[in-house]
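# Coordinate analysis (summary)
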Amino acid sequence: MRDAARLLPRKGFLECQRNRIPGASGRVYFMALKDSVAQSSNIVFSNGLLDPWSSAGVFAKNGPEPGSGATVQNITVDGSVIALILDLGAHHLDLFFSDPNDPQCATEARAIEEAHIQHWLENFDQR
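Residues numbered from 1 in each chain as written. Predicted model: local features only at pLDDT ≥ 70, side-chain atom pairs only at ≥ 80, totals over all residues. Heavy atoms only, no water.

### Re the side chain of asparagine 47
For clarity, the threshold we go by: We count a stretch as a helix when DSSP gives it H or I for four or more residues in a row; a strand needs E for two or more, and each element gets its number in order from the N terminus. Contact definition: two residues touch when any of their heavy atoms are within 4.5 Å.
Its location among the elements puts asparagine 47 in strand β1 (residues 43-48). Beyond its immediate stretch of four places on either side in the chain, asparagine 47 contacts Gly57, Val58, Phe59, Ala83, Leu84, Ile85 and Leu86.

The following block contains the structure:
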């Protein structure tokens, strides 16, 4: 157990890193991608709040406001880039095969992801 603890960053690590970046404020985002994400399209960022790395996830400016199940936040004005917040999700849970024991948020996230991908494919020629 001691070895596993060494793999995780110390408490406050991400906040310290954020403070090293001039002009960074508020919640930690993918700072290197912050500007390019706003100009991107067709991305679903999935954030399982049980994942120890979730604080470095991509969220709307106010950070995660999880409800029950999967919560959708628009990252871009047109809604083509979204953040999914899985209240009972962990790393890649929504990308695994479905299981009868999956929490509701995983099932909802898969349906949301599938709907977005289907929309992208149907509207591909319209860009």
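Next comes the rest of the description.
### Looking at the environment of leucine 84
Along the chain, leucine 84 turns up in strand β3 (residues 81-86). Along the primary structure leucine 84 and alanine 109 are separated by 25 residues, whereas in three dimensions their C-alpha atoms are 7.0 Å apart.

### Brief notes about the pattern of salt bridges
Condition: Throughout this description, the term salt bridge denotes a Lys or Arg side-chain nitrogen within 4 Å of a carboxyl oxygen of Asp or Glu. Each residue is placed in one exposure class: buried if its accessible area under a 1.4 Å probe, protein chains only, is under 20% of its type's maximum, exposed if it is over 50%, and partly exposed if it falls in between.
The final tally for this structure, using the stated rule, is one salt bridge. Between arginine 110 and aspartate 102 there is a salt bridge, and its shortest N-O distance comes to 2.8 Å. Judged by its relative accessible area of 17%, aspartate 102 falls in the buried class.

### As for helix α4 (residues 104-122)
Formally: A helix is expected to span 1.5 Å for every residue after the first.
Its 19 residues give α4 an end-to-end C-alpha distance of 27 Å, which sits within 8% of 27 Å, the value for a rise of 1.5 Å per residue. Packing partners of the buried residues in α4 comprise β1, β2 (70-74) and β3.

### A look at the pairing of β2
Put simply, the rule reads: Strand pairing is assigned whenever DSSP identifies at least 2 bridges connecting the two strands.
Across five bridges, the pairing between β2 and β3 is antiparallel. Bridge assignment links glutamine 73 to a residue of β3, and that residue is alanine 83. Counting the residues that bridge the hairpin from β2 to β3 gives six residues, and of these glycine 79 lies at a positive phi of roughly 75 degrees.

### Re unusual backbone geometry
A positive phi angle is found at asparagine 42, which is not glycine, with a value near 60 degrees. Position of asparagine 42 relative to the elements: it lies in the loop between α3 (34-38) and β1. Judged by its relative accessible area of 27%, asparagine 42 is partly exposed.

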